[in-house]
Amino acid sequence: LLEEGISLGTEAVTVILEECVKSHDAKLARKVEQHARTARVPFNMHAYDAMLKAYAEDCDVRALEIFKEMQAEGHTISEGLCVGLLARCAEGKFLSFAEEIIRFVRAGGAGAGMTIAVYSGLMKVYAYSGMYGKACDLYDQIRSDGLEPDQMMYGCLMKFSVECGRTALSQELSEKLSVLDIQNYMSLIKAAGRDRDVDRAFGIIQRLRENNVKPDAIAFNCVLDVCVKAGDIHRARQLVQEMEELGLLDIITYNTLLKGYCNNNDIKGAKDLLSEMSAANFEPNDVSYNCILNAAVNCGNFEDAWDTIAKMEQMNVKPDHYTVSIMLKALKRAKGTKDVHRCLSFLDRSSIDPCSDEILMNTVLETYIRHKEYRRLESLLSKFEQSNLRPSVPTYGSIIKAYANLKRPEKCWHFWNEMQGQRGLEPNDIVFGCMLDALVCNNQVDEAVKLFESSTLKPNAVLCSILVKGFTTTGQTQRAMSLWHEMRSKGVRMNTAACNAFVDAQARVGNMDEVLLIVEAMAQDGCRPDGITHSTIVKGYAVKGDLDKAMDVLRSMQDSGMHHDAIVYNTILDGCTKHKRTDLVDPILESMQEHHISPTNFTLGILVKFYSRQKQLDKAFACMTTLPKRGNFIPNCQVWSCLMGACLMNGSPAKALQVFRDMRATGQSADTRACTSLVSGLVRMGQLKDAVQVVDDVLGLTGKGKCHGVTIDQDCLESLLTALVQKGLREDMAAPLLERLRAAHVPLSGRLMAATLADGPDYAGPPNPRSKSKSQYYA
């Protein structure tokens, strides 16, 4: 009708909008509303009713505007409509609209004010949003309004109080009920499980019997779960025996008991129980295998975990969200890329959509972020934006963190505003920290400060640490210090990690007066300086050039038995290099050996650089031989490159070339900068043949393995070709090298080719007729 240009009246618009509600088509509802407004078609009460329901279900903030417009037009908004809208808000966790409805009802807009029905609707919104504490808080408001919850509400409140850990409230609520039904008793048993109170759980079963209520398998399984949570396998076994005598055993019973064995890391007992299940004609299901799988992962036994996966596939038991989540969480303990690829392949093979389950969504996001699987991360976020998943507050934190890693701060802001503005969800400290960190990591430190200052959340040590990180990376040490003074004046309690962040900000630039001020205040805040604190103080003294005081701090760490590693020694060694303190190098190395501190590649790199500047190349080579053995490590490409540069700096191109070859023999390659420096050094020293050989090796021009991701700068190649021509080696070496470069598809500039074709100072005549002409080189 709309496409045909047929105008619609109020009744027609209303009928279509009501049909949109039935078919859950908010998109069409928006189109109809837009057409009606363009055609100036007035809305009646039923049209407003339909639009509100459609938009509330779709979590469209347009619902708030329509709600206010309906009031302004003088249409009656009944309590029934408000309750119905609250039910739709619950499904989509549309908290902002739900609270707007409640403000309207409290102001008397729906006539009778807050009623049990309205409170019940609001309670449902909180419960669906996982805000069980807020749902329980409504109980006091209900009583203060002079209302009495009905039996169903009492039952729901008992359940919610258990979910948020307010077990005392669940006991209080149970006393308000004249008669407890089986569901109420179940809530009490779950409350006992929260408190790990096995005796209380069995007491509730006894109360059931005393009230002539026969406990069923569900009630017994709840008590069994309490035994398992409390780690009381003996009583759990006794209860299972009683259930067997009553004929109440089911698959849930076995799975609950199985969880008990797995919680105690008794894998053998768990596997024996699987056999017992099969003997009792209860075939293990996905829950059964997930228990075994989780236990294997918790014990760090990945092969056992993969054996369990294979067993599931053999028994045609399909993996579910929990199976995938368990395997992805196992990657926190994985040490190699093999397990990572294996788990991600399993995720792909399972064909489970992460966007179909919020817990799995969080786990997958965390996995992709930790292992820098950014392509997968981007793909998942794209799917999420097309899905119907309504994130809770923690999930918003994961999404913001994910977009921060993709360097998409605009998306971080989008979901931050959606969470607060559209959905009306209040961020907790963790999610607020995620947003601050997203801004800091994307060079938006000023925006992070503004957000921090405008927040109603109470500042804490973690949030301060995030801001300090931003100030430190941008060199704003004075702002970091100002923040420290401000937080102390506000009485914000710091922890050691936060203090270390403040110390680091000042130590990096050698502001030792500020460093010592912060450290002195740590005692007042009850924070004990740790190894990181002292290492950072050492860094501050090293930066400032006060190496003697840095050594004093190191000795105090050694004397007190405080844990420290190679980093603190490396820091002092680096200071010795920069400030030419040759007298401290040997004592530091001796101290490392005395305190059994293993040197690292970073230690070796510093020493190579130090001895290079001291013109002691032989000592640099000696370190290259001795330190890897002491530290049980293999020199990395950065160290090799550093040694190669040291040789060139000390006028030893032959040694540099040998280092290059030794490095290649170990399967490593220098970076572009180091290779370019080597070629340039060889050209300067007149060792042109060796320079050409290095270019061939680095770029793989002779068919041998090339250095992947490494090239030679164009200016360096131009210098080499020019030098060859000037030495009269154009035909023998320069032109063939140019041909090899072209054949390998190395980008060649016009200047590079001109350097080869130019006549050298000793050029004696036309080129050899057997050689290619200049025009052929340009072709």
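Coordinates for the structure precede this section.
The model shown is predicted, which means the values in this text are computed figures rather than measured ones.

Novice: It is not clear to me how the overall build of the chain should be interpreted in this structure. Could you clarify?
Specialist: Check the secondary structure of the chain and you find 44 helices and zero strands. Relative to the 2.2 N^0.38 estimate, which gives 28 Å for 779 residues, the radius of gyration of the chain is 36 Å and therefore markedly larger than a compact globule would have. Seen through its principal axes, the chain has C-alpha atoms that stretch 110 × 80 × 65 Å. Within the chain, buried positions represent 49% of all 779 residues. Excluding contacts between residues fewer than 6 apart, the proportion of contacts in the chain whose partners are at least 24 apart in sequence is 64%. For the chain, the exposed surface amounts to about 37,900 Å²; the carbon and sulfur share of it is 50%. Of the charged side chains in the chain, 90 are positive and 96 negative; the average position of the first set lies 7 Å away from that of the second.

Novice: Hey, could you run me through unusual backbone geometry in this one?
Specialist: Peptide bonds are, in most cases, trans, and in most cases residues other than glycine have a negative phi. The backbone of lysine 93 sits at a positive phi, close to 55 degrees, despite the residue not being glycine. Within the element layout of this structure, lysine 93 appears in the loop between α5 (79–92) and α6 (95–106). Positive phi is not limited to glycine here, since asparagine 316 has a value of about 60 degrees. Among the structural elements, asparagine 316 can be located in the loop between α18 (302–314) and α19 (321–329).

Novice: What's the story with α6 in this structure? I'm lost.
Specialist: An α-helix turns once per 3.6 residues; consequently, residues spaced three or four apart project the same way. Taking 1.5 Å of rise per residue, the twelve residues of α6 would be expected to cover 16 Å, and the 16 Å separating its terminal C-alpha atoms lies within 8% of that figure. Along α6, nine of the twelve residues are buried, which leaves the element largely enclosed by surrounding structure. Along α6, the residues that are buried comprise Leu95, Ser96, Phe97, Ala98, Glu100, Ile101, Ile102, Phe104 and Val105. A positive backbone phi angle near 85 degrees is found at glycine 108, which sits one or two residues after α6.

Novice: Would you mind going over the side chain of aspartate 525 with me for this structure?
Specialist: Tracing the backbone through its elements, the reader meets aspartate 525 in the loop between α30 (512–524) and α31 (531–544). Setting aside residues no more than four positions away along its own chain, aspartate 525 makes contact with Arg488, Arg493 and Met494.

Novice: I'm lost on empty space enclosed by the protein in this one. Help?
Specialist: Under the defined criterion, the tally for this structure stands at one cavity of 30 Å³ or more. What the largest cavity holds in volume is close to 40 Å³. Tallying contributions element by element places α19 first for the lining of the largest cavity, with three residues. In terms of residue class, the lining of the largest cavity is built from two nonpolar, two polar and one charged.

Novice: I keep staring at the packing of helix α33 (residues 566–579) against helix α34 (residues 582–594) and nothing clicks. Help me out?
Specialist: To characterise two packed helices, one gives the angle between the axes of the helices and the distance between these axes. Direction vectors running N to C along α33 and α34 enclose 170 degrees, while the axes themselves pass 10 Å from each other. Taken as axis vectors, α33 and α34 run roughly antiparallel relative to one another. Contacts between α33 and α34 involve Ala566, Tyr569, Ile572, Leu573 and Cys576 on the former and, on the latter, Leu584, Val585, Ile588, Leu589, Ser591 and Met592. Residues that form the contact of α33 with α34 fall into these classes: ten nonpolar, one polar and no charged.

Novice: Is there a simple way to explain the side chain of serine 161 in this structure?
Specialist: By the element assignment, serine 161 lies in helix α9 (residues 151–163). Polar contacts involving the side chain of serine 161 include one to the main-chain carbonyl oxygen of methionine 158, which spans 2.7 Å. Apart from residues no more than four positions distant in its own chain, serine 161 is found in contact with Cys136, Arg166, Thr167, Leu169, Ser170 and Leu173.

Novice: Sorry, what's going on with the pattern of salt bridges here?
Specialist: Oppositely charged side chains can form a pair if their charged atoms are brought close together. This structure, assessed with the given rule, holds 42 salt bridges. With a shortest N-O distance of 3.8 Å, arginine 376 and glutamate 373 are connected by a salt bridge. Taking the shortest distance from any N to any O, the salt bridge between glutamate 731 and arginine 730 comes out at 3.4 Å. Salt bridges sharing partners connect three or more residues here, namely Glu33, Arg37, Arg62, Glu65 and Glu69.

Novice: What's the story with the packing of aromatic side chains in this structure? I'm lost.
Specialist: Each pair of aromatic rings is reported with the distance of its centres and the angle of its planes. This model, assessed by the stated rule, comprises twelve aromatic pairs. Ring geometry for tryptophan 416 against phenylalanine 432: centres 5.9 Å apart, planes inclined by 35 degrees, an arrangement best described as tilted. Residue tryptophan 416 is found in helix α24 (residues 409–422), and its partner phenylalanine 432 is found in helix α25 (residues 429–441); the two are separated by 16 residues along the sequence. Grouped by ring-pair contacts, the aromatic residues Phe67, Phe94, Phe97 and Phe104 constitute a single cluster.

What counts as what
Residues numbered from 1 in each chain as written. Predicted model: local features only at pLDDT ≥ 70, side-chain atom pairs only at ≥ 80, totals over all residues. Heavy atoms only, no water. Helix = DSSP H or I, 4+ residues; strand = E, 2+ residues; numbered from the N terminus. Rg over C-alpha atoms; globule rule 2.2 N^0.38 Å. Buried < 20%, exposed > 50% of the residue type's maximum accessible area, 1.4 Å probe, protein only. Contact = heavy atoms within 4.5 Å. Areas by Shrake-Rupley, 256 points an atom, 1.4 Å probe, with all protein chains shown as cover. Lys, Arg positive; Asp, Glu negative; His and termini not counted. Charge placed at Lys NZ, Arg CZ, Asp CG, Glu CD. Expected span 1.5 Å × (residues − 1). 1 Å grid on protein atoms, 1.4 Å probe; cavity = no way out; pocket = protein on both sides within 12 Å on 5 of 7 lines; lining within 4 Å. Points joined across faces, edges and corners; volume = space filled by probe spheres on them. Nonpolar A, V, L, I, M, F, W, Y, C, P; charged D, E, K, R; others polar. Axes fitted to C-alpha atoms, helices over the stretch in contact; angles between N-to-C directions. Parallel < 35°, antiparallel > 145°, perpendicular 65-115°, else oblique. Polar contact = N/O pair within 3.5 Å; in protein donor to acceptor, adjacent residues only side chain to side chain. Salt bridge = Lys/Arg side-chain N within 4 Å of Asp/Glu carboxyl O. Phe/Tyr/Trp six-rings, centres within 6.5 Å; stacked < 30°, edge-to-face > 60°.

Remember, this is a structural readout, not a statement about activity or role.
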